[in-house]
Amino acid sequence: MVNVRARVPFKVGLNSDIEADLLSFNGLESGKEHVALIFQDADKQSSPPLVRMHSECLTGDVFHSSRCDCGEQLDETLNKMGEQGGVLLYLRQEGRGIGLYNKIDAYELQSQGMNTYEANNHLGFGDDLRDFTEAALMLKALGLTNIRLITNNPKKINELEALGITISEVVGTKAHVKDGNESYLRTKASRGKHRFNFD
């Protein structure tokens, strides 16, 4: 049984001005410290809330790396949920599940010409090792089984639905193209089937 352990109010976002509640959970089998951010009591509303499963990306979320668009997607989500309400699941799944140090090794291989998937494969990992079982458990612990999912990634849609979560709407994020990440984004679109609008 997964239970919400604590709800702490604070403010987030680029200007630290978006009100949210930070929640921790008990009983997650992996032992990873996943958390949920709740905006405008979205878990207590009758209509399906916006939800994003955001996998931790230290290089993008904190250091705003030019190698990815994770930080920009996170900022876009925080702003959207600040306006509309929602639930952000922040999942400790660095590097699509391979971990931070392995991701840094993959960065080095990308510098030598490999794409993000080729680099992970060269290191002995699959394309995407993330499992969203615990994300579904977190949603169910919050009483949320019908959601509007913010994602471009079909893997997230398929896995959540297989885990008993109804997705009433898929809301895409922008393609946050910047110097250094366009090839990365196009590779995610072609190989990972992510749905981006590059126009």
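1. Observations regarding the environment of Asn-79
Move 1: Mapped onto the secondary structure, Asn-79 falls in helix H2 (residues 70-84).
Move 2: Once the C-alpha coordinates of Asn-79 and Val-12 are considered, the two residues, 67 residues apart in sequence, prove to be 9.5 Å apart.

2. Overview of the side chain of Asp-43
Move 1: With respect to the helices and strands, Asp-43 occurs in the loop between strand S3 (35-39) and strand S4 (50-55).
Move 2: The exposure class of Asp-43 is buried, given its relative accessible area of 12%.
Move 3: Among the polar contacts listed, one links the side chain of Asp-43 to the side chain of Arg-7, at a separation of 2.7 Å.
Move 4: With residues up to four places along the chain from it excluded, the contact list for Asp-43 reads Arg-7, Ile-38, Val-87, Leu-142 and Leu-144.

3. A short note on the nonpolar core
Move 1: Formed by 24 residues in total, the largest nonpolar core has its most connected members in Ala-36, Val-87, Leu-89, Leu-139, Leu-142, Ile-147 and Leu-160.
Move 2: Mapped by element, the contributors of at least two residues to this core are strand S2 (18-26), S3, S4, strand S5 (86-91), helix H5 (133-141), strand S6 (146-150) and helix H6 (154-162).
Move 3: It is H5 that provides the largest number of residues to this core, a total of four residues.
Move 4: Apart from the residues lying within four places of it in its own chain, the contact partners of Val-87 are Ala-36, Leu-37, Ile-38, Ala-42, Asp-43, Leu-50, Val-51, Arg-52, Met-81, Leu-142 and Leu-144.
Move 5: Listed in part, the 13 residues of the second largest apolar core include Val-12, Phe-39, Met-81 and Leu-88.

4. Considerations on the confidence of the model for the protein chain
Move 1: Overall, the predicted model of the protein chain reaches an average pLDDT of 88, with 86% of residues at or above 70.
Move 2: The secondary structure element of the protein chain with the lowest average pLDDT is helix H7 (residues 182-191), at 56, and the one with the highest is S5, at 98.

5. Considering the pairing of S5
Move 1: Of all six residues that make up S5, six are buried, and the element is covered over most of its length.
Move 2: Burial along S5 is two-sided: Gly-86, Leu-88 and Tyr-90 facing one way and Val-87, Leu-89 and Leu-91 facing the other are all buried.
Move 3: Here S3 runs beside S5; their pairing, made up of five bridges, is antiparallel. Directly across from Leu-37, in S5, lies its bridge partner Leu-88.
Move 4: Bridge count between S4 and S5: five bridges; the pairing is parallel. Bridged to Arg-52 within S5 is Leu-88.

What counts and how
Residues numbered from 1 in each chain as written. Predicted model: local features only at pLDDT ≥ 70, side-chain atom pairs only at ≥ 80, totals over all residues. Heavy atoms only, no water. Helix = DSSP H or I, 4+ residues; strand = E, 2+ residues; numbered from the N terminus. Buried < 20%, exposed > 50% of the residue type's maximum accessible area, 1.4 Å probe, protein only. Polar contact = N/O pair within 3.5 Å; in protein donor to acceptor, adjacent residues only side chain to side chain. Contact = heavy atoms within 4.5 Å. Core = buried A, V, L, I, M, F, W, Y, C linked by side-chain atoms within 4.5 Å. pLDDT = per-residue confidence, 0-100. Pairing = 2+ DSSP bridges.

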